[in-house]
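Chain by chain, the residues run as shown.
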Amino acid sequence: MNDPHLLTLTVNGTEEEVVVEPRRTLADVLRHDLRLTGTHVGCEHGVCGACTVLMDDAPVRACLVFAVQAEGADVRTVESLDTDGALSDLQQAFADHHSLQCGFCTPGFLMLAEGVLAESPDADREEIREGLSANLCRCTGYQTIVDAVHATACARRSQEVPS
């Protein structure tokens, strides 16, 4: 039952193979085996959302997902957001709107926001607030986070090419 498993998954566009024990979480594998430390571990109970990543385009708590459950999955972490060292539009909006203070929750909020915007690109402020309510921040008071995500949604909509 505790025999190691060869896990194959795609992380940030790169196929990875990792030998894992069945009890290890996706957060552990991302941080310790793949050295992707942008995925933060806060509560380890799935409450805070600091460990949020996208798995097959859906936000998940990496501290609650056993690594073996990610077999064959496409996983995106906060490290996937930048392009050649430049901030993504969402990351830039977080900076522009002062949406972070200590920064511990920021990777989880960024990935949750990417998931919310992918699912609801036309989301208004209330829908964004509802979507982001799954994550906790002890510093910002949330309004600036909602502002940043809303600004990103508006900017992305204005860049869409009409069909």
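Look up: the structure comes first, before these words.
Residues numbered from 1 in each chain as written. Predicted model: local features only at pLDDT ≥ 70, side-chain atom pairs only at ≥ 80, totals over all residues. Heavy atoms only, no water.

**Topic: the overall build of the protein**
- In terms of regular secondary structure, the protein is built from five helices and five strands.
- Start at the N end of the protein and walk to the C end: the helices and strands fall as β-β-α-β-β-β-α-α-α-α.
- Against the globule reference of 15 Å for 163 residues, the protein gives a C-alpha radius of gyration of 16 Å, in line with a compact fold.
- The dimensions of the protein, computed from C-alpha atoms along their principal axes, are 50 × 40 × 25 Å.
- Looking at the protein residue by residue over its 163 residues, the buried ones come to 45%.
- When contacts within the protein are restricted to residue pairs at least 6 apart in sequence, those whose partners lie at least 24 apart make up 55%.
- For the protein, the exposed surface amounts to about 8800 Å²; the carbon and sulfur share of it is 50%.
- When the 11 positive and 26 negative side-chain charges of the protein are each reduced to one mean point, those points stand 7 Å apart. (Helix = DSSP H or I, 4+ residues; strand = E, 2+ residues; numbered from the N terminus. Rg over C-alpha atoms; globule rule 2.2 N^0.38 Å. Buried < 20%, exposed > 50% of the residue type's maximum accessible area, 1.4 Å probe, protein only. Contact = heavy atoms within 4.5 Å. Areas by Shrake-Rupley, 256 points an atom, 1.4 Å probe, with all protein chains shown as cover. Lys, Arg positive; Asp, Glu negative; His and termini not counted. Charge placed at Lys NZ, Arg CZ, Asp CG, Glu CD.)

**Focus on the layout of surface pockets**
- In this structure, the largest pocket spans a volume of roughly 180 Å³.
- Lining the largest pocket are Gly-42, Cys-43, Cys-48, Ala-50, Cys-102, Phe-104, Cys-105, Leu-136, Cys-137, Arg-138 and Cys-139. (1 Å grid on protein atoms, 1.4 Å probe; cavity = no way out; pocket = protein on both sides within 12 Å on 5 of 7 lines; lining within 4 Å. Points joined across faces, edges and corners; volume = space filled by probe spheres on them.)

**A look at the nonpolar core**
- In terms of nonpolar packing, the biggest core is built from 23 residues, with Phe-94, Phe-109, Leu-132 and Val-149 touching the most fellow members.
- Within the residue set of this core, elements represented by two or more residues are helix H2 (89-96), helix H3 (106-119), helix H4 (125-132) and helix H5 (143-159).
- Take this core: its biggest share by element is seven residues, from H3.
- Those residues in contact with Val-149, other than ones at most four positions away along the chain, are Leu-90, Phe-94, Ala-113, Leu-117, Ile-128 and Leu-132. (Core = buried A, V, L, I, M, F, W, Y, C linked by side-chain atoms within 4.5 Å.)

**What to know about the sheet that holds strand E5 (residues 74-76)**
- Spatial strand order, E2-E1-E5-E3-E4: five strands in an open sheet with mixed pairing. Because the sheet does not close on itself, it has two edges, and the strands there are strand E2 (14-20) and strand E4 (58-61). The mean angle between the axes of side-by-side strands here comes to 40°, regardless of whether they run parallel or antiparallel.
- Of the pairings in the sheet, the one linking strand E3 (residues 52-55) to E5 comprises two bridges and is antiparallel in character. (Pairing = 2+ DSSP bridges. Axes fitted to C-alpha atoms, helices over the stretch in contact; angles between N-to-C directions.)

**Focus: the pairing of E3**
- The side-chain alternation of E3 yields two buried faces, one formed by Thr-52 and Leu-54 and the other by Val-53 and Met-55.
- Where E3 and E4 come together, four bridges link them in antiparallel fashion. Looking across to E4, one finds that Val-53 is bridged to Val-60.
- Joining the antiparallel neighbours E3 and E4 is a turn of two residues, in which Asp-56 adopts a positive phi near 50°.

**Re the packing of H2 against H5**
- Remark: H2 packs on H5, axes separated minimally by 8 Å, with the N-to-C direction vectors making an angle of 135°. What the angle tells us is that H2 and H5 run oblique. When the axes of H2 and H5 are compared, the crossing they make is right-handed. For the pair H2 and H5, the contacting residues are Asp-89, Leu-90, Ala-93 and Phe-94 in the first and Ile-145, Ala-148, Val-149, Thr-152 and Arg-156 in the second.
- For the contact of H2 with H5, the class distribution of residues is six nonpolar, one polar and two charged. (Parallel < 35°, antiparallel > 145°, perpendicular 65-115°, else oblique. Left-handed = near helix turned anticlockwise from the far one by under 90°. Nonpolar A, V, L, I, M, F, W, Y, C, P; charged D, E, K, R; others polar.)

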